[in-house]
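Survey of secondary and tertiary structure
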Amino acid sequence: MSQHHDHDHDHDHDHQHDHAPHPQPGQAAAKPCSHGHGHGHDHGHHHHGDPNTMGRAFAIAIALNTAFVGIEFGYGFLANSTALMADAGHNLSDVLGLMLAWGAAILARRLPNGRYTYGLRSTSMLAALFNAMLLMVACGGIAWEAVQQLLHPSPVGGLTVSVVAGIGILINGFSAWLFMSGSKDDINIRGAYLHMAADAAISLGVLVAGVAVMYSGWNWLDPLVSMLIVGFIVYSTWALLKQSLRLMMAAVPDHIDDAAITRFLQQQPGVSAVHDLHIWAMSTTETALTVQLVTPQGHPGDAALDAISAQLRADYAIHHSTLQIRLGANAQTCSLLSAAH
């Protein structure tokens, strides 16, 4: 039996350990078991950009949006605008989300140790799950206030709503611009960028509602816009909640085609069967794989295993692969799969 591990860290070195396993009864002696550990960069799949630049972007965006939350909620209360207060609640959840994402990005760079052998990469998944739950709770409170305003409409300060929403467009647009450069290489940074861009669009909707109320006197437009904002947040957050729950339960990430990976492994020279395939997320940006390849004709060699791992990384976004080689047809069956039958 042979195993091959391909890890992705921020340094390059190789280790080779050779030892010969004892042959099984009725089975020819296997070639020496080799463990190859390759550490290399992943060509943009999970880099977080320049840590200093992204750290400044997070700090500035958090500071600006925290200040704006206080301003927006205060003027929303004074102007009796549930749309402004709804957007303030959304921006507050964004601030907490940015803080969680920033903290998770910092923790994800912690090196593995004896207890946390993958490091603290999975904190990014915890942050996503907590952020989604927080958004859902906030949406419930915003929707309740909007319903009350629809049932019992009261005058809305359209000019105040429009001015504050305009400030929101500037702040959220600038915050999105801060993350634009890093969004090309890191899906976590891209998520922050898209979130801030969406907030700018929501503020634009609030501004339009404020102008419409100012000229038409239709005060019911304000809570209606806040309900639309809630609907938009719930729609986008529901997908985040489902995805983060699946990742925490070690499901195959949505962007991974497990059937294509199975076919790829089955087509490798000398492979007669593929068993015990597991694919799961180590973080919101990194994916791991373990598999048992049956090669009756003998061990394919370290170069072949390195090539398989490299192609898994390049073509299928598998950043950490462990390949186990068995020479006989009596391959071990995963205990999890055996217990299910």
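Our structure is the block above this text.
As the structure is a computational prediction, the values presented were derived from the model and not from experiment.

Another aspect to go through is the nonpolar core. Ranked by size, the top nonpolar core spans 19 residues in total, and within it Leu84, Val161, Val206, Val225, Ile229, Val230 and Ile233 carry the most contacts. Membership of the second largest hydrophobic core comes to 18 residues, among which are Val274, Leu289, Val291 and Ala317.

A separate point is the packing of helix α7 (residues 258-266) against helix α8 (residues 302-316). In a pair of packed helices, the angle between the axes and the distance between the axes together describe the arrangement. Closest axis-to-axis distance for the α7/α8 pair is 12 Å, and the angle between their directions is 155°. The orientation of α7 with respect to α8, classified from their angle, is roughly antiparallel. The chirality of how α7 crosses α8 is right-handed. Packed against α7, whose contacting residues are Ala260, Ile261, Phe264 and Leu265, the element α8 presents Ile308, Gln311, Leu312 and Tyr316 at the interface. A per-class count over the contact of α7 with α8 returns 7 nonpolar, 1 polar and no charged.

By the definition in use, this model includes 4 aromatic pairs. Relative to Trp102, the ring of Phe58 has its centre 6.0 Å away and its plane inclined at 10°; by these criteria the two rings are stacked. Of this pair, Phe58 sits in helix α1 (residues 51-78) while Trp102 sits in helix α2 (residues 82-108), placing them 44 residues apart in sequence. When its relative accessible area of 3% is taken as the criterion, Phe58 is described as buried. Since its relative accessible area comes to 28%, Trp102 is described here as partly exposed. When the ring of Phe264 is compared with that of Tyr316, the centres are 5.4 Å apart and the planes differ by 40°; the resulting orientation is tilted. Here the residue Phe264 occupies a position in helix α7, and Tyr316 occupies one in helix α8, the gap between them amounting to 52 residues. Counting every residue linked through ring pairs, the aromatic cluster contains Phe58, Trp102 and Phe179.

Take the pairing of strand β6 (residues 320-326) next. Taken across its 7 residues, β6 has 7 buried, putting it largely inside the fold. Covered by surrounding structure in β6 are His320, Thr322, Gln324 and Arg326 together with Ser321, Leu323 and Ile325, the residues of both alternating faces. In this region the chain leaves strand β5 (residues 287-294), passes through α8 and returns to the parallel neighbour β6; the handedness of that crossover is right-handed.

This paragraph deals with the side chain of Ser283. Relative to the elements of secondary structure, Ser283 occurs in the loop between β4 (273-281) and β5. Only 3.1 Å separates the side chain of Ser283 from the backbone nitrogen of Glu286, close enough to count as a polar contact. In contact with Ser283, other than residues within four places in its own chain, are Arg121, Ser124 and Met125.

This brings us to α8. Its 15 residues give α8 an end-to-end C-alpha distance of 20 Å, which sits within 8% of 21 Å, the value for a rise of 1.5 Å per residue. Three or more residues of α8 are buried, namely Leu305, Ile308, Ser309, Leu312 and Arg313. Taken end-on, α8 shows its buried residues confined to a sector of 130°, consistent with a single buried face. Opposite the buried face of α8, at more than 90 degrees from it, the exposed residues are Ala303 and Ala314. The first or second residue beyond α8 is Ala317, which carries a positive phi of 60°.

The next subject is the pattern of salt bridges. Under the criterion given, the structure shown has 1 salt bridge. Notably, a salt bridge pairs Asp254 with Arg246, separated by 2.8 Å at the nearest N-O pair. Here Asp254 falls in the partly exposed class, since its relative accessible area comes to 47%.

We now examine the environment of Leu129. Tracing the sequence through the fold places Leu129 in helix α3 (residues 123-151). Relative accessible area serves as the criterion here: at 15%, Leu129 is assigned to the buried category. Along the primary structure Leu129 and Ser244 are separated by 115 residues, whereas in three dimensions their C-alpha atoms are 5.2 Å apart. What Leu129 contacts, discounting residues up to four positions off in sequence, is Leu241, Ser244, Leu245 and Met248.

Bringing unusual backbone geometry into the picture now. For residues that are not glycine, phi is negative in most cases, and the peptide bond is trans in most cases. Look at Asp276: it is not a glycine, yet its phi comes out positive at around 55°. Note on placement: Asp276 falls in strand β4. Notably, Ala317 is not glycine yet its phi reads approximately 60°, a positive angle. Here Ala317 is to be found in the loop between α8 and β6.

This part is about the side chain of Thr295. One can find Thr295 in the loop between β5 and α8. Every residue in contact with Thr295, bar those within four places of it in the chain, is listed here: Gly270, Val271, Pro300, Ile325, Arg326 and Leu327.

Reading the values: the criteria
Residues numbered from 1 in each chain as written. Predicted model: local features only at pLDDT ≥ 70, side-chain atom pairs only at ≥ 80, totals over all residues. Heavy atoms only, no water. Core = buried A, V, L, I, M, F, W, Y, C linked by side-chain atoms within 4.5 Å. Buried < 20%, exposed > 50% of the residue type's maximum accessible area, 1.4 Å probe, protein only. Axes fitted to C-alpha atoms, helices over the stretch in contact; angles between N-to-C directions. Helix = DSSP H or I, 4+ residues; strand = E, 2+ residues; numbered from the N terminus. Parallel < 35°, antiparallel > 145°, perpendicular 65-115°, else oblique. Left-handed = near helix turned anticlockwise from the far one by under 90°. Contact = heavy atoms within 4.5 Å. Nonpolar A, V, L, I, M, F, W, Y, C, P; charged D, E, K, R; others polar. Phe/Tyr/Trp six-rings, centres within 6.5 Å; stacked < 30°, edge-to-face > 60°. Right-handed = clockwise from strand over helix to strand, strands pointing away. Polar contact = N/O pair within 3.5 Å; in protein donor to acceptor, adjacent residues only side chain to side chain. Expected span 1.5 Å × (residues − 1). Arc of directions from axis to C-beta. Salt bridge = Lys/Arg side-chain N within 4 Å of Asp/Glu carboxyl O.

Any link to function would need more than the numbers given here.
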